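Structural overview
What follows is each chain in one-letter form.
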Amino acid sequence: GAVVSQHPSRVICKSGTSVKIECRSLDFQATTMFWYRQFPKQSLMLMATSNEGSKATYEQGVEKDKFLINHASLTLSTLTVTSAHPEDSSFYICSVHSGGASDTQYFGPGTRLTVL
Amino acid sequence: AQKITQTQPGMFVQEKEAVTLDCTYDTSDQSYGLFWYKQPSSGEMIFLIYQGSYDEQNATEGRYSLNFQKARKSANLVISASQLGDSAMYFCAMRGGYSTLTFGKGTMLLVSP
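The following refers to the structure shown. (Residues numbered from 1 in each chain as written. Chains lettered and ligands numbered in written order. Predicted model: local features only at pLDDT ≥ 70, side-chain atom pairs only at ≥ 80, totals over all residues. Heavy atoms only, no water.)

Comments concerning the overall build of chain A
Counted only if it meets this: Secondary structure is summarised from DSSP: a helix means a run of H or I of at least four residues, a strand means a run of E of at least two, and numbering begins at the N terminus for each. Only C-alpha atoms enter the radius of gyration, while the globule expectation follows 2.2 Å times N to the 0.38, with N the number of residues. Only protein chains enter the accessibility calculation, which uses a 1.4 Å probe; a residue is then buried when its area is under 20% of its type maximum, exposed when over 50%, and partly exposed in between. What makes two residues a contact is simply this: any of their non-hydrogen atoms within 4.5 Å. A 1.4 Å probe and the Shrake-Rupley method give the accessible areas. Residues count as covered only by the protein chains that appear here.
The helix and strand inventory of chain A stands at 0 helices and 11 strands. Listed by position from the N terminus, the elements making up chain A come as β-β-β-β-β-β-β-β-β-β-β. Taking 2.2 N^0.38 as the reference for a compact globule, 116 residues should give roughly 13 Å; the C-alpha atoms of chain A span a radius of gyration of 13 Å, in line with that estimate. With the C-alpha coordinates of chain A rotated into their principal frame, the extents come out at 40 × 30 × 25 Å. Scored against the burial criterion, the 116 residues of chain A give a buried share of 52%. Taking as baseline every contact in chain A between residues at least 6 positions apart, the subset at least 24 positions apart corresponds to 53%. Looking at chain A as shown, the accessible area adds up to about 5,700 Å², and 52% of this sits on carbon and sulfur atoms.

A short note on the pattern of salt bridges
Residues and elements named next belong to chain B. For clarity, the threshold we go by: Salt bridge, as applied in this entry: a Lys or Arg side-chain nitrogen positioned within 4 Å of an Asp or Glu carboxyl oxygen.
Counted according to the given criterion, the structure contains 4 salt bridges over all chains. Ionic pairing is found between Lys-73 and Asp-26, a salt bridge with its closest N-O pair at 3.3 Å. With Lys-73 in the loop between strand E8 (64–69) and strand E9 (74–79) and Asp-26 in strand E4 (residues 24–26), this residue pair connects regions lying 47 residues apart in the sequence. Assessed through its relative accessible area of 31%, Lys-73 is described here as partly exposed.

Focus on the environment of Gly52(B)
All names here are of chain B. By secondary structure assignment, the location of Gly-52 is in strand E6 (residues 46–52). Residues Gly-52 and Leu-34, spaced 18 residues apart in sequence, show a C-alpha to C-alpha distance of 6.3 Å. Beyond its immediate stretch of four places on either side in the chain, Gly-52 contacts Tyr-32 and Phe-68.

Laid out in structure tokens, this is it:
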């Protein structure tokens, strides 16, 4: 399967600052990447679909001005949490999909964001 | 709309025994895919097994097998010969439109010596 990295793995920031999270597909050219959010002891919720060279598609209820997504190349998508607040504290995880018959999604290791 | 239901918040199993994690789904799509992922305490999501809606045979991957009953809309994960390292959260997921995944709430599996 595809190998996906994320950076940073953990970030602590002050309220009001912006945080950028990188998602890289290391061995696979990904025209599409996905961003999920996971609160403690809960399931993954899809935030947006990141499309290379075009605008991201956001799920209902996700503020596009709050969570900026840029997919500038086939191997890199970034999620920027703008003006972060404590309620944005969460586990953010990205994935790429393999295409083909199964179209399996392979996930990065995730980024744990804590906003003080 | 697609929906995944995992009714077992937690499961306990002894080492070397088999365990079944339940998953039921609801969809109006004729073609769909079902997945199981493992999430250890580190947080990463590890792909375990896939079942396509048109696959006639149940999927198997090593100690993992998927008991697919299409008429009942169930896709249970069977782990044989449990190991201590199997202790983790397990998520059932369904692939929908535009390749997006819908996840169930998960089942926490604890394997005891």
